[in-house]
Amino acid sequence: MRKIISIILLAIIFIGIILTLCKIPFGIHKTKVGQYYIDKGREETGAVNIVTSVVVNYRGFDTLGEVTILFLVAIGLGAVLSNFKEKGKRKIEPASLILQTGCRFLFPLILLFGAYIFIHGHLTPGGGFQGGAIIASAFLLIYLGCHGKKINEVASKTTESIGGLVFIVIGLIGLTVGGHYFLSNFMPKGQINTLFSAGIIPIIYIAIGFKVGSELAGVIDNLMEKS
Amino acid sequence: MDFLSNNIYYIGAFGLIFIGLFIILVKHNLIKVIIGISILDTGVNLFLIAVGYINKGTAPIFSKPGLDAKNMVDPVPQALVLTAIVIGVAILALALSLAIRLYQHYGTLDLRKIKEQRW
Amino acid sequence: MVNPVLLIVVPLALAFALPLVGLISKKIIKYIPVLAFLFNFIISLLLIPKVLHQTIIVKIGGFLPPIGINLFVGPVGILFSTLIALAGLLVSIYALTYIKGGSKEKYHILYLLLLTGATGVVLTGDMFNLFVFFEILCISSYALVSFLGNKAGIESSIKYLIQGSVGSSLLLLGIGLLYGQFGTLNMADIANQIHSSNSPSIFVPMVLMITGLGVEAAIFPLNAWLPDAHSSAPSSISAILSGIAIEVGLYAVIRIIFTIFNASSFLMFFIFLGVLTLLIGEMSAFSQKNIKRMLAYSSIGQIGLIMFAVSLNTQYGVSAGLFQMVSHTLGKGLLFLTVGFMIYKTGSMEISSFEGIGKKMPLTSLLFTIGVFSIVGLPPFIGFASKFMIIRAALVTGELLFTILIGLILLGTVIEGAYFFNVIQSIYFKGDNEIGNKK
């Protein structure tokens, strides 16, 4: 019975969407705002990666909201799993020596790769969120491979908060100095296609990279401890 | 056939959206419903990127000095999808932690049996 | 002149800094939301005269819309922002001593972020920004509903989460369909380019977006989560959810229908939906034994009334609807806070255990009675003024259909009065004092 009602509902939505999709043909040039970003993006922001300049500079307020949502989830997860009582420990077999040594060998290499991605966010594809996720996967490898090592909770909380505060403080500095707008790009733009260019964009991405990495590592820590 | 190969991304995106909605409406195991939420999010993200595609366009990055600005895809949907993926991950993490607590309280993950609150 | 961006950024910065403060000293954590909302309230009051003179548009990053994001601070926006700051301030003072169990630091962070998301939804001028702040509001309310960690809380929270996440995916789909047709994400820009909302390519995104936002705004078929969620949350959070979260959701729905789509023919459907929501909410509340579930169903009824008032599409109607929103926030907030204190003293949520509390807790019962009189609509409280404005707005149009609907609304008000006065009677007059018997 439920299946029939849901199929009817989905069919109605399907017909509606097909009627709408006639106006959005696939692969045709139809943008106004996007063309402006591609044409003028390099001069106004100094970043070679146009997606980065859209994410951090033109639509930076959305990125601030996104960073807030990740922070929110880390806190909410901690709140939901806080009073969890464990019902007896399972016996876990310790990993072999090869696995432990391999994990410990790979850990700094993965961290280096993640740091490379978020530092070069304005030159190559990537950025703060992608780099932060790679850093968190390095911590996951240590959790899975070598049992008994945990991350320092105080350090991860401090990194989270400082990362978020750096983002907001840079925005507020833009409010007082520079163009009197929140999040205006007030630092010198340097020479294009080099590492030290694009004003505030690399600084914000480094802050986001640290924040996302420590947050996701905190989430993994919470879930691993309580199950 | 030509219509199919032209709009393959739209068909794929809406296929995922409908599969996700069907799973959420019909299945009664909580983990399957959470997987359905994740599939729905993936379908919507794929649709957003497919809207911004221009035929024979490349990524909007001026890595070499002589690149032409005419053949680049729209950068705005890519920025929107970055945010939407993060939101999807956030909801998934919260849902899974609630599922852990729910199993601890009720002992089952069947949504038909978790109905303690009635009128 | 103060920049309205500070209304959103300052609570956000304090929320990020709270864990650091918690490392230093645990005692001052609970005073930080009070400070944040005091600041917000003062800034909103200072901005009101300037906004009434001319709408402020704040460019973020210095880019003109539609290239960048802008904040659109109009008279309705600043009214809502003041209301959110006032309610946040009062409930955070209540929560100084009310929150005892669980981890207090996480409660205050989530509370700050919920109200930041609500302020962001009312002040923004860009579609995707609306989606992001709306998600902040929704996700923090999912986490706060399950804060107490008991069976009821976790179950309500997972059901709320499933329905809310389907709603937000539909909202994002609607935004994507609109972007594909118009190439811009700014609300004013899209409104300029839409000529009529009768073609299916405009109608379908509008329906998707209203369905997506309607899950949070508790419109009729989509509000199955509301009684469970509002009754299982801690009482201070129930006050904020009933008073602010569903009203901000309804404000977003109204903004989309009026500003972007300008769809007058759709509003007739909304009027019927509003009256239907009102009747179903009031009739369901009549048979409840749990006091918080009863108050939650009454919230559904009030949202139906506000929907009816705003869909009249006249100047009287819309202003009456906004006034009703203000009086509902204050009245329902008062009711939930006093009920929270009464539940704390008696230890149970059933109405039958409140018998005779009037003697033991005279001040709380008096405040509860004031709240009930305001919600039902007795003079001289502002609930009377707002309901009178709504009825007058409907009668002034002079159509027979509206007069019949006013009759149904008055029937709903009578049912509401019946069940609330039942509670007041059992508080003041019935039987022995249950607390005395337990001891």
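Look above for the structure.
Asker: I tried to follow the overall build of chain A on my own but got confused; where do I start?
Answerer: If you tally the helices and strands in chain A, you get 8 helices and 0 strands. When its helices and strands are written in sequence order, chain A yields α-α-α-α-α-α-α-α. Its C-alpha atoms give chain A a radius of gyration of 23 Å, more than 25% over the compact-globule value 17 Å for 227 residues. Over its C-alpha atoms, taken along the principal directions, chain A stretches across nearly 60 × 60 × 35 Å. Residues counted as buried form 43% of the 227 residues belonging to chain A. Looking at chain A alone, contacts between residues at least 24 apart form 72% of all its contacts between residues at least 6 apart.

Asker: Honestly, the overall build of chain B in this entry has me stumped. Any pointers?
Answerer: Summing up its helical and strand segments, chain B has 4 helices and 0 strands in all. Reading the helices (α) and strands (β) of chain B from amino to carboxyl end gives α-α-α-α. Here the C-alpha radius of gyration of chain B, 20 Å, is well above what a compact globule of 119 residues would show, namely 14 Å. If one aligns the C-alpha atoms of chain B with their principal axes, the spans along those axes are about 65 × 35 × 20 Å. Every one of the 119 residues in chain B was classed for burial, and the buried ones make up 41%. Here the contacts in chain B between residues at least 6 apart in sequence split such that 56% fall between residues at least 24 apart.

Asker: Hey, could you run me through the packing of helix 1 (residues 2–21) of chain A against helix 8 (residues 200–217) of chain C in this one?
Answerer: To characterise two packed helices, one gives the angle between the axes of the helices and the distance between these axes. The N-to-C vectors of helix 1 of chain A and helix 8 of chain C enclose an angle of 130°; their axes lie 8 Å apart at closest approach. With respect to their mutual orientation, helix 1 of chain A and helix 8 of chain C come out oblique. Handedness of the helix 1 of chain A/helix 8 of chain C crossing: left-handed. Of helix 8 of chain C, the residues touching helix 1 of chain A (which contributes Gly16, Ile17, Leu19 and Thr20 of chain A) are Pro200, Ser201, Val204 and Pro205 of chain C. Looking at side-chain class alone, the contact of helix 1 of chain A with helix 8 of chain C contains 5 nonpolar, 3 polar and no charged residues.

Asker: Any chance you could explain unusual backbone geometry here in plain terms?
Answerer: In most cases, non-glycine residues show a negative phi, while peptide bonds are predominantly trans. Residue and element names in this part refer to chain C. Look at the link from proline 379 to proline 380: it is a cis peptide, with omega at 0°. Positionally, proline 380 belongs in the loop between helix 15 (362–376) and helix 16 (382–396). If you check the backbone angles, alanine 218 has positive phi at about 65° while not being a glycine. Following the sequence through the fold, alanine 218 ends up in the loop between helix 8 and helix 9 (226–232).

Asker: What is the right way to read the interface of chain A and chain C from this model?
Answerer: You'll often see interface size given as the accessible area lost when the parts meet. The partner chain C presents 46 residues to the 46 residues of chain A that form the contact. Only helix 1, helix 2 (33–45), helix 3 (50–58), helix 4 (60–80) and helix 7 (153–176) of chain A provide two or more residues apiece to the side of chain A that touches chain C. Tallied by class, the residues present in the side of chain A that touches chain C amount to 22 nonpolar, 17 polar and 7 charged.

Asker: What is the right way to read the interface of chain A and chain B from this model?
Answerer: Residue-level contacts link 40 residues of chain A with 39 residues of chain B. Secondary-structure elements contributing two or more residues to the side of chain A that touches chain B are helix 1, helix 2, helix 3 and helix 4 of chain A. Element by element, the count of residues in the side of chain A that touches chain B is highest for helix 4 of chain A, at 8 residues.

Asker: What's the story with the pairing of strand 2 (residues 70–73) of chain C in this structure? I'm lost.
Answerer: Sheet faces and side chains relate simply in a regular strand, where the side chains alternate between the two faces. Residue and element names in this part refer to chain C. Side-chain alternation along strand 2 places Asn70 and Phe72 on one buried face and Leu71 and Val73 on a second face that is also buried. With 4 bridges joining them, strand 1 (residues 56–59) and strand 2 adopt antiparallel strand pairing. Within the sheet, the bridge partner assigned to valine 58 lies in strand 2 and is leucine 71.

Asker: Explain the environment of isoleucine 357 of chain C here, please?
Answerer: Residue and element names in this part refer to chain C. Within the secondary structure, isoleucine 357 sits in helix 14 (residues 357–360). Residues isoleucine 357 and methionine 342, spaced 15 residues apart in sequence, show a C-alpha to C-alpha distance of 8.3 Å. In this structure, isoleucine 357 is in contact with Met342, Thr346, Ser365 and Ile427, ignoring residues within four places of it in sequence.

Asker: I keep staring at the nonpolar core and nothing clicks. Help me out?
Answerer: For soluble globular proteins, the rule of thumb is that nonpolar side chains tend to be buried together. The biggest cluster of nonpolar side chains holds 245 residues, and the ones touching the most others in it are Val73 of chain A, Ala90 and Leu94 of chain B together with Leu110, Ala118, Leu137 and Ile139 of chain C. It is helix 10 (residues 235–261) of chain C that contributes the most residues to this core, 17 residues altogether.

Asker: Is there a simple way to think about the environment of valine 414 of chain C in this case?
Answerer: Looking at the element boundaries, valine 414 of chain C is found in helix 17 (residues 400–428). Along the sequence, valine 414 of chain C and alanine 245 of chain C sit 169 residues apart, while their C-alpha atoms lie 26 Å from each other.

Asker: How should I be thinking about helix 4 (residues 104–123) of chain C in this particular structure?
Answerer: Owing to its 3.6 residues per turn, the α-helix aligns residues three or four sequence positions apart on the same side. Along its 20 residues, helix 4 of chain C runs 29 Å from first to last C-alpha, staying within 8% of the 28 Å computed at 1.5 Å per residue. Counted residue by residue, helix 4 of chain C has 18 buried out of 20 residues, so it is predominantly covered.

Reading the values: rules and limits
Each chain has its residues counted from 1, running along the sequence as written. Chains carry letters from A onward and ligands carry numbers from 1 onward, assigned in written order. pLDDT decides what is reported in this predicted model: residues at 70 or higher carry local features, side-chain atom pairs at 80 or more are listed and counted, and totals for whole chains, interfaces and linings draw on all residues regardless. By the criteria applied, helices consist of DSSP H or I runs no shorter than four residues and strands consist of E runs no shorter than two, each listed in order from the N terminus. The reference for a compact globule is 2.2 Å times residues^0.38; the radius of gyration itself is calculated from the C-alpha atoms. Buried residues are those with 20 or more other C-beta atoms within 10 Å of their own C-beta, exposed residues have 12 or fewer, and partly exposed residues lie in between; C-beta atoms are placed from the backbone. Two residues form a contact once the distance between their C-beta atoms, set from the backbone, is within 7 Å. Convention adopted: a line fitted to C-alpha atoms gives each axis, helices being fitted over their contacting stretch, and angles between N-to-C directions are expressed from 0 to 180 degrees. Here roughly perpendicular refers to angles of 65 to 115 degrees, roughly parallel to angles under 35, roughly antiparallel to angles over 145, and oblique to all remaining angles. Helix crossings get a hand from a simple test, with the near helix turned counterclockwise from the far one by less than a right angle marking a left-handed crossing and a clockwise turn marking a right-handed one. When residues are sorted by character, Ala, Val, Leu, Ile, Met, Phe, Trp, Tyr, Cys and Pro go into the nonpolar class, Asp, Glu, Lys and Arg into the charged class, and all the rest, Gly among them, into the polar class. DSSP-based pairing: two strands are paired if at least 2 bridges between them are found. Under the definition applied here, buried Ala, Val, Leu, Ile, Met, Phe, Trp, Tyr and Cys residues are grouped into a nonpolar core through C-beta atoms within 7 Å. To estimate the expected span of a helix, count its residues, drop one, and scale the result by 1.5 Å.

These figures capture arrangement, not role.
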